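Spelled out from the first residue to the last, the chains are:
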Amino acid sequence: MSSVLDYDSFDIVKTLGHGSFSNVYLVKSKATGQLYAMKSFFWNISPERILNEAKMLRKLDSPCVDKLISIIRKGNKVSFILEFHASVNFMEFLSILNGKQVLYYMKSLLTALEYLHSKNIIHRDVKPSNFLYDPKSKSGTLIDFGFSEEITFTDDLSNNTEQLSGNRSGTK
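Cut-offs and rules
- Residues numbered from 1 in each chain as written.
- Predicted model: local features only at pLDDT ≥ 70, side-chain atom pairs only at ≥ 80, totals over all residues.
- Heavy atoms only, no water.
- Salt bridge = Lys/Arg side-chain N within 4 Å of Asp/Glu carboxyl O.
- 1 Å grid on protein atoms, 1.4 Å probe; cavity = no way out; pocket = protein on both sides within 12 Å on 5 of 7 lines; lining within 4 Å.
- Points joined across faces, edges and corners; volume = space filled by probe spheres on them.
- Helix = DSSP H or I, 4+ residues; strand = E, 2+ residues; numbered from the N terminus.
- Nonpolar A, V, L, I, M, F, W, Y, C, P; charged D, E, K, R; others polar.
- Expected span 1.5 Å × (residues − 1).
- Buried < 20%, exposed > 50% of the residue type's maximum accessible area, 1.4 Å probe, protein only.
- Contact = heavy atoms within 4.5 Å.
- Pairing = 2+ DSSP bridges.
- Polar contact = N/O pair within 3.5 Å; in protein donor to acceptor, adjacent residues only side chain to side chain.

A.B. asks: Run through the pattern of salt bridges, naming residues and quoting values.
C.D. replies: Pairs can form between side chains of opposite charge whenever their charged atoms are close. In the structure shown here, the tally under the stated rule is seven salt bridges. The partner of Asp-125 in a salt bridge is Lys-127, with the nearest N and O atoms 3.8 Å apart. Look at the salt bridges and you will find they share partners, linking Lys-39, Arg-49, Glu-53 and Asp-144 into a network.

Shown next as structure tokens:
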């Protein structure tokens with residue numbers, strides 16, 4: 001991938017999904033033909049939320065979590081270029097699940113969460129649409145780190161209890 005990317009570096013192949021904060025597209029690099037996912041944030045999304053997600057993704061390096069390739073910005077439009085992960089629609093997968101497939105799915109998901117927790121990061125938005133699973137390879141990728149948070153542990157257990165319970169307002 002070239003060092004300077006812009007929106008003209010890619011062709012949109014199709015829409016992969018819509019969310020509350022962004023749309024995700026399958027894109028193809030004009031230079032290499034490589035497929036990527038482009039997460040395009042809506043113009044009114046808080047810059048802090050986008051920066052938090054970028055910060056989290058930059059800290060992580062595992063096949064079981066999303067990999068940030070690049071960030072593109074033009075005016076108030078910001079997009080992440082991410083690795084593309086082949087996966088099945090969860091509702092379609094659910095209709096054909098058997099016990100062994102549940103085992104592989106859960107092992108893959110728990111491996112991703114174990115990795116995150118080893119880095120003191122909590123995802124805070126784990127749900128089927130944020131876990132891209134490929135039954136052929138029996139592997140999955142955790143995506144969408146917009147609500148994720150890094151937890152710092154101290155010797156003061158009362159502080160940790162507040163942090164882990166999600167109380168960030170300073171009130172009890």
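A.B. asks: Can you tell me about the layout of surface pockets, naming the residues and giving the values?
C.D. replies: Its volume calculated, the largest pocket comes out at about 910 Å³. Around the largest pocket, the lining is made up of 36 residues, and of these Leu-16, Gly-17, Ser-129, Leu-132 and Ile-143 lie nearest the centre. Of all the elements in the fold, those that place two or more residues in the lining of the largest pocket are β1 (10-18), β2 (22-29), β3 (35-41), α1 (47-59), β5 (77-83), α2 (90-94) and β7 (131-134). Element by element, the count of residues in the lining of the largest pocket is highest for β1, at four residues. Across the lining of the largest pocket, the residue classes tally to 17 nonpolar, 10 polar and nine charged. Each pocket or cavity is described by its volume, and for the second largest pocket that value is around 200 Å³.

A.B. asks: Go over α1 with me, naming the residues and quoting the values.
C.D. replies: The terminal C-alpha atoms of α1, which comprises 13 residues, lie 18 Å apart, in line with the 18 Å expected from a rise of 1.5 Å per residue. Buried residues of α1: Arg-49, Ile-50, Asn-52, Glu-53, Ala-54, Met-56 and Leu-57, and no others. Among the structural elements, β3, β4 (68-74), β5, β6 (121-122) and β9 (149-150) are those in contact with the buried residues of α1.

A.B. asks: Tell me what's going on with the pairing of β5, and back it up with residues and numbers.
C.D. replies: In terms of residue burial, β5 counts as a mostly covered element, since five of its seven residues are buried. Sheet analysis places β3 next to β5, joined by five bridges and oriented antiparallel. Across the sheet, Met-38 pairs through a bridge with Ile-81, a residue of β5. Across six bridges, the pairing between β4 and β5 is antiparallel. Counterpart to Lys-74 in the pairing with β5 is Lys-77. Connecting β4 to the next strand, β5, in antiparallel fashion are two residues, including Gly-75 with a positive phi near 60 degrees.

A.B. asks: Explain the side chain of His-85 to me, and be specific about the residues and the numbers.
C.D. replies: Structurally, His-85 can be placed in the loop between β5 and α2. There is a polar contact of 3.3 Å between the side chain of His-85 and the side chain of Thr-141. Not counting chain neighbours up to four residues away, the residues in contact with His-85 comprise Asp-66, Leu-132 and Thr-141.

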